[in-house]
Amino acid sequence: MEKKNGTNNLEQNSKILMEIGLHITKNPQFGLVSSGFSLKFKIIQDDVLINNPKIKVADFLQNGGWVIHSDYSTFFGANELPVIDDKGDRRIWCGTSTGKFTVASAYELIRNKFPTLQWTKQVWHPSIHPSISSSVWKIVRRVVPSDDNLKRRKVQLDSRCPFCKNSEETLEHILWYCNFSELIWKRLGRIFNFLNPNSLEDILKLAKTKSPSIKEVWRNASLVTMKELWFLRNKVVYENAAVNQENLKRSIMKMVQDCDCIMKQCMWNSSYDLYVLKFFNLRCRKVKSIQVQEIYFSLPKENQILLCCDGASKGNPGTAGFGFVGRNNNGVVIVAASGGLGTATNFLAEVVAVICAGEWAISNNLFNVIFRSDSNATISTFKSGKLPWIVTTRWNNICSKLHWDFVHSFREINFSADTQAKTGAGLNKGEYIVYTGRPPFLKKIEIPFFPYFRFQ
């Protein structure tokens, strides 16, 4: 870094050079790349950086390893740095897992991000007519002229519910709490054996344990009810129409029946499903039967080690961890490990689990291993060699020393590694615990040649 007179701290700290002397960026968040690693940290006003304007990546390398002076420990730690290779300096774009720059990844990094709305995919569902979806979207986004919305915009008016004429009109009152609305929802709930919902979130939760076909019919019927209640309110307010409960019920029934041709989910073979479909005069759906598959856990061959690997992420991306369990050809648990990753995706946690399992095998002079994972995507990634750049060097080192193979396993016979991964998700980032033998909390492990069942 070069310090220039008359420039602010950002300019003073922006010219960071690679070992080969290339200028990187003037963005306050950037990376230094050397020997396959990106030192990524946020530059802040700091005397250490100002007093060391010509710092290079080479200054952190000694005898082929990372040496981090205590002055720089606030930016990164040695345990966060990947393994160094001998391929020389190269640029890595941190916005993609491959390390290659794309315009899409750059846009994703700089765009304004907002919380993901969970209800939008349910409202704009292919099984719902677009006219219903658009009306419900306006209602949920409060883009409607209800009295409470008009008052927020400084419109002075006397407010009274057009249905019950006992309370002030609010959007929530019209849809959920008015006596008239509660009767409509009660009748609809009686068909499905549901309680009255008080919000769109309640609607989306009520059919969670039902068949795909019932979820579809309930979603249509409830969203149509929301739309029809609001449309009836408009007719009463602007056209002096009468509040007629039977006409509203017939309108809801007809609109649900009109959507029959676009509702295609399978039903369960139950009287409940049949009753609901017949009540709305809908055609019967296909019944998807449950297939039971018998599966077995197998041990490795003699002189081989089986490493069952798994990753877990609470949110994907979310708080993540990894775990693996090692067993010999006699079925004895020789190792169980868990590690915390901080915020990461489930895929990255699965990949790191395999990497750490391979490194453990090398450190214990076990060079013939079988990696077992319940993720086909992870296995394909390792076999194709298209790994995230952050672990490429570590995997190359493993491949140079191990004779390895991958076996796909259903999660029903990979539960011991899943337990370790969930334990890892509860650890702090960088925390890594290795148990020699079977840990006391691992109550269940897979039994060889014992039948397990997978339901599809």
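Criteria and thresholds
- Residues numbered from 1 in each chain as written.
- Predicted model: local features only at pLDDT ≥ 70, side-chain atom pairs only at ≥ 80, totals over all residues.
- Heavy atoms only, no water.
- Buried < 20%, exposed > 50% of the residue type's maximum accessible area, 1.4 Å probe, protein only.
- Helix = DSSP H or I, 4+ residues; strand = E, 2+ residues; numbered from the N terminus.
- Pairing = 2+ DSSP bridges.
- Polar contact = N/O pair within 3.5 Å; in protein donor to acceptor, adjacent residues only side chain to side chain.
- Contact = heavy atoms within 4.5 Å.
- Phe/Tyr/Trp six-rings, centres within 6.5 Å; stacked < 30°, edge-to-face > 60°.
- Lys NZ or Arg CZ within 6 Å of the ring centre and 35° of its normal.
- Core = buried A, V, L, I, M, F, W, Y, C linked by side-chain atoms within 4.5 Å.

Colleague: Would you explain the pairing of strand S7 (residues 318-327) in this entry?
Modeller: Look at any regular strand and the pattern is simple: side chains alternate between the two faces of the sheet. Where burial is concerned, most of S7 is hidden: 9 out of the 10 residues are buried. In terms of strand pairing, S7 meets strand S8 (residues 333-344) through 10 bridges, oriented antiparallel. Note on S8: the bridge partner recorded for Ala320 is Gly342. With antiparallel pairing between neighbouring strands as the criterion, S7 and S8 make up a hairpin whose turn holds 5 residues, including Gly331 at a positive phi of roughly 90°.

Colleague: Would you explain the side chain of Asp148 in this entry?
Modeller: Position of Asp148 relative to the elements: it lies in helix H6 (residues 147-152). Side-chain polar atoms of Asp148 contact the side chain of Arg142, separated by 2.7 Å. Apart from the residues within four sequence positions on either side, Asp148 is in contact with Arg142, Glu169, Thr170, Leu171 and Glu172.

Colleague: What is the right way to read the packing of aromatic side chains from this model?
Modeller: What the rule picks out here adds up to 21 aromatic pairs. In this structure an aromatic cluster arises from ring pairing among Phe192, Phe194, Trp218, Tyr275, Phe279 and Phe280. Lys210 extends its terminal NZ or CZ atom over the ring of Tyr272, reaching a point 4.6 Å from the ring centre. Residue placement shows Lys227 over the ring face of Phe231; its charged tip is 4.3 Å from the ring centre.

Colleague: When you look at unusual backbone geometry in this model, what are you seeing that I'm missing?
Modeller: A negative phi angle is the norm for most residues apart from glycine, just as the trans form is the norm for most peptide bonds. A cis amide bond links Asn316 to the next residue, Pro317, at an omega of 0°. Mapping Pro317 onto the fold places it in the loop between strand S6 (305-314) and S7. One non-glycine residue with positive phi stands out, namely Arg142, at about 60°. Tracing the backbone shows Arg142 in the loop between helix H5 (130-140) and H6.

Colleague: Where do I start with the nonpolar core in this structure?
Modeller: The nonpolar side chains of a soluble globular protein tend to be buried, and buried together. Formed by 47 residues in total, the largest nonpolar core has its most connected members in Phe163, Phe192, Met226 and Phe280. Among the secondary structure elements, those contributing two or more residues to this core are H5, helix H7 (171-177), helix H8 (179-192), helix H9 (200-206), helix H10 (212-239), helix H11 (245-258) and helix H12 (271-279). Looking at which element gives the most residues to this core, the answer is H10, with 11 residues. Beyond its immediate chain neighbours, meaning those up to four positions away, Met226 contacts Val136, Ile139, Val140, Leu175, Trp176, Trp185, Leu200 and Ile203. Of all hydrophobic cores here, the second largest spans 31 residues; its members include Phe322, Ala337, Trp360 and Ile379.

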